Protein chains: 2
Amino acid sequence: VRIAVLGTGIVARTVGAALVRLGEEVTLGTRDVEATLARTDTDVMGNVPLARWREENPAVRLDTYRRATADADLVVNATAGSSSLAALHAAGAENLAGKVLLDLANPLDHSADGPPTLFVKDTDSLAEQIQRAFPDTRVVKSLNTMSAHLMVAPGALADGGTSVFTSGDDPSAKQVVTELLHRLGWRDVIDLGDLSTARGTEMLLPVWVRLWQALGTGHFNFAVAR
Amino acid sequence: VRIAVLGTGIVARTVGAALVRLGEEVTLGTRDVEATLARTDTDVMGNVPLARWREENPAVRLDTYRRATADADLVVNATAGSSSLAALHAAGAENLAGKVLLDLANPLDHSADGPPTLFVKDTDSLAEQIQRAFPDTRVVKSLNTMSAHLMVAPGALADGGTSVFTSGDDPSAKQVVTELLHRLGWRDVIDLGDLSTARGTEMLLPVWVRLWQALGTGHFNFAVAR
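Throughout this document, residue positions are counted from 1 along each chain, in the order its sequence is written. Each chain gets a letter, beginning with A, and each ligand a number, beginning with 1, in the order they are written. In keeping with the predicted nature of the model, local features appear solely for residues at pLDDT of at least 70, side-chain atom pairs appear and are counted solely at 80 or more, and the whole-chain, interface and lining totals rest on all residues. Values reported for side chains reflect all heavy atoms of the structure, with hydrogen atoms and water molecules removed beforehand.

Describing the overall build of chain A
Note on conventions: DSSP H or I runs of at least 4 residues are helices, E runs of at least 2 residues are strands, and numbering of each starts at the N terminus. Helix and strand counts for chain A stand at 11 helices and 11 strands. The principal-axis extent of the C-alpha atoms belonging to chain A is close to 45 × 40 × 35 Å. In chain A, buried positions account for 57% of the 226 residues. Contacts are assigned to residue pairs with any non-hydrogen atoms lying within 4.5 Å of each other. Of the contacts formed within chain A by residues at least 6 apart in sequence, a portion of 73% connects residues at least 24 apart. Per-residue and other accessible areas follow the Shrake-Rupley method at a 1.4 Å probe size, with only the shown protein chains counted as cover for residues. Carbon and sulfur atoms make up 50% of the accessible area of chain A, which amounts to about 9,100 Å² in all. Counted charges follow a simple rule, with Lys and Arg positive, Asp and Glu negative, and His plus the chain ends left uncounted. Charge placement uses NZ in Lys and CZ in Arg. For Asp and Glu, CG and CD serve respectively. Positive and negative side-chain charges of chain A, numbering 21 and 27 respectively, have mean locations separated by a distance of 2 Å. Three labels apply to residues, based on accessible area from a 1.4 Å probe with only protein chains included: buried if under 20% of the type maximum, exposed if over 50%, partly exposed otherwise in between.

Comments concerning unusual backbone geometry
One non-glycine residue, Asp159(A), adopts positive backbone phi at about 55 degrees. Structurally, the position occupied by Asp159(A) is in the loop between helix H8 (148-151) and strand E9 (163-168).

Some points on the interface of chain A and chain B
Contacts between the two partners involve 33 residues from chain A and, on the opposite side, 33 residues from chain B. Buried area is a sum: the accessible area each of two parts loses on coming together, probed at 1.4 Å, counted once for each and added. Across the chain A/chain B interface, buried area totals approximately 2,600 Å², and carbon plus sulfur atoms make up 74% of it. We define a salt bridge as a contact between a side-chain nitrogen of Lys or Arg and a carboxyl oxygen of Asp or Glu at a distance within 4 Å. For the pair chain A and chain B, the number of links is 2 salt bridges. A salt bridge links Lys121(A) to Asp122(B), with the nearest nitrogen and oxygen atoms 2.7 Å apart. Counted as a polar contact is a pair of N or O atoms within 3.5 Å, where, for protein atoms, one must be capable of donating a hydrogen and the other of accepting one, and residues adjacent in sequence contribute only when both atoms are in side chains. At the junction of chain A and chain B, the tally comes to 7 residue pairs in polar contact (both at pLDDT 80 or more). Those elements giving two or more residues to the side of chain A that touches chain B turn out to be strand E7 (117-118), strand E10 (188-193), helix H10 (198-202), helix H11 (205-215) and strand E11 (221-225) of chain A. Among the elements that line the side of chain A that touches chain B, the one with the most residues is H11(A), at 6 residues. For the side of chain A that touches chain B, the per-class residue count stands at 18 nonpolar, 9 polar and 6 charged. The residue classification treats Ala, Val, Leu, Ile, Met, Phe, Trp, Tyr, Cys and Pro as nonpolar and Asp, Glu, Lys and Arg as charged. All others, Gly included, are polar.

Description of the pattern of salt bridges
Applying the stated rule across the entire model yields 26 salt bridges over all chains. A salt bridge links Asp124(A) to Arg132(A), with the nearest nitrogen and oxygen atoms 2.7 Å apart. Given a relative accessible area of 15%, Asp124(A) falls into the buried group. Among the residues examined, Arg132(A) registers a relative accessible area of 53% and is labelled exposed. The shortest N-O distance in the salt bridge between Glu25(B) and Arg61(B) comes to 3.5 Å. With a gap of 36 residues between them, Glu25(B) in strand E2 (residues 25-30) and Arg61(B) in strand E3 (residues 61-64) connect regions that are remote in the sequence. Given the relative accessible area of 46%, Arg61(B) is considered partly exposed.

Overview of the relation of the copies chain A and chain B
A residue counts toward the fit only if its pLDDT is at least 70 in both copies, and the copies are then superposed by least squares on the C-alpha atoms of those residues. Under the fitted operation, chain A is carried onto chain B by 0.0 Å of movement along the axis and a turn of 180 degrees, and the coordinates agree to an RMSD of 0.0 Å. Taken together, the rotation angle and the small translation identify this as a two-fold axis. In terms of C-alpha distance to the rotation axis, chain A has Ala223(A) as its closest residue, with the C-alpha 2.5 Å off the axis.

Considerations on the packing of helix H5 (residues 84-91) of chain A against helix H7 (residues 126-133) of chain A
All names here are of chain A. As a rule, the C-alpha atoms of each element are fitted with a line to give its axis, helices using only the stretch in contact, and angles between N-to-C directions run from 0 to 180 degrees. At a minimum axis separation of 11 Å, H5 and H7 run at an interaxial angle of 25 degrees. With respect to their mutual orientation, H5 and H7 come out roughly parallel. As for the relative orientation of H5 and H7, their crossing is right-handed in sense. Along the contact surface, H5 presents Ser84, Leu85, Leu88 and His89, while H7 presents Leu126, Gln129, Ile130 and Ala133. For the contact of H5 with H7, the residue count by class is 5 nonpolar, 3 polar and no charged. Roughly parallel here means an angle under 35 degrees, roughly antiparallel means over 145, roughly perpendicular means 65 to 115, and every remaining angle is called oblique. The sense of a crossing depends on the near helix, which, turned anticlockwise from the far helix by less than a right angle, makes the crossing left-handed and, turned clockwise, makes it right-handed.

A word on the packing of aromatic side chains
Note on ring pairs: Phe, Tyr and Trp rings are taken, using the six-membered ring of Trp, and paired if centres are within 6.5 Å. Classes follow the plane angle, with under 30 degrees stacked, over 60 edge-to-face and the rest tilted. One pass over the full model with this rule turns up 5 aromatic pairs over all chains. With a centroid separation of 6.5 Å and 85 degrees between ring planes, the pair formed by Phe220(A) and Phe222(A) is classed as edge-to-face. For the pair Phe220(A) and Phe222(A), a shared accessibility class is recorded, and that class is buried. Between Phe222(A) and Phe222(B) the ring centres are 6.0 Å apart and the planes differ by 75 degrees, which places this aromatic pair in the edge-to-face class. Of the two residues, Phe222(A) sits in strand E11 while Phe222(B) sits in strand E11 (residues 221-225), which places them in two different chains.

Some details on the sheet that holds E2(B)
All names here are of chain B. With respect to topology, 8 strands assemble into an open sheet ordered E3-E2-E1-E4-E5-E8-E9-E10, the strand pairing being mixed. Each having just a single partner strand, E3 and strand E10 (188-193) make up the two edges of the open sheet. Going across the sheet, the axis of each strand differs from the next one's by a mean of 25 degrees, ignoring polarity. One requirement defines pairing of two strands: DSSP has to find at least two bridges between them. Where strand E8 (residues 138-142) and strand E9 (residues 163-168) come together, 3 bridges link them in antiparallel fashion. By the bridge assignment for E9, Lys141 is matched with Ser167. On top of the sheet, helix H1 (residues 10-21) reaches strand E1 (2-6) and E2; it is set at about 170 degrees to E1, its chief contact. Taken strand by strand, helix H7 (residues 126-133) contacts strand E4 (74-77), strand E5 (100-103) and E8, and its axis lies near 170 degrees from that of E8.

Topic: the environment of Ser147(A)
Residue and element names in this part refer to chain A. Within the fold, Ser147 resides in the loop between strand E8 (138-142) and H8. In this structure Ser147 comes out as buried when scored by relative accessible area, which is 13%. As for Ser147 and Asn221, which are separated by 74 residues in sequence, their C-alpha atoms are 8.2 Å apart. Those residues in contact with Ser147 that sit more than four places away from it in its chain are Trp208 and Gly218.

Set out below in structure tokens:
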């Protein structure tokens, strides 16, 4: 299938490359293709400019949010949470209508010192904000509770025995995402229920960032033992 | 050692009985001993009245918050989060001064329909509220991320391999709690850092309650695989 992965950061690149390995046609979406390709800076996390990354990942296409989404059967939101709604509006409600949107983003606010806070929480979630803004799109929240490299390689920890969660209002959309998760190697996919349950997984981020600090690595994930 | 366990609900009873099995002197604390013993109702969760429970747990004493705390070497807050500060004020700052306070409570707000929300979160925590109210007490947050029966029997899941977190500003107090956790059977005790990291573990509750609903049981816990 044709998949638009909105974003060009480490999450978008990692997920996009993994989906290509699964045999899918993947286009990363960005606001301005020329501007994205003109960048020459390596970011604070050590990620190389996208133009350089694409030399090693030539099968991953690049296009505008709008064209990537218009051509896609499935859309993945891999933008930063703080710019997700703007990116999706740029993609266009008409291009998102009827499609499954897999939302990986978290509503992190990095504006203050210290660990990031959440700009929406507890009585609402980013996933629900997106669903309300695009009511004809079938939003499924998943994969937002671990590092990008583990999203697509769950076998790298605990022999693949850690857990991933799904939240969504449309059962058939959740089924599409669940099958994709299985293809990525996930075995313990926990369906939490409707999209409001994304409040729970987004609110995992505060302990995630503190575990990342305490353990000194992002190479960890939660396994729900029962 | 003499331990005051503030509260008379299922968490207080379960932890109190377990500490007696470890050989400690345990006193549950309540606001009004006569009123607590006069209750004859079984609560909505099926817990019998305290007077009946004490017949089977005669070694667990009962006294006022104040006297239980005054006599204790270690204090455990096992009250509901919404009444923790009131219970601790009743115990008395002078009786809490210098002592380790193990805080098990979560800031759950059950006032609306649907899953509980958190009455403090993200930029503050119940543990920090308690620490600010009782600056001479050494607050350690732990054991607030699983069901009561698992707090004292971690071996009941995943061969004892699940995780428990500690947060606190006083390293020696955290050491006291960590040794107690080891005696209860916990092997994977993750020190998240200072007390502000309790924001992370308290914010685990929203996904915990949704997992409880999705799995149909509270017999689960998080293992941090790394």
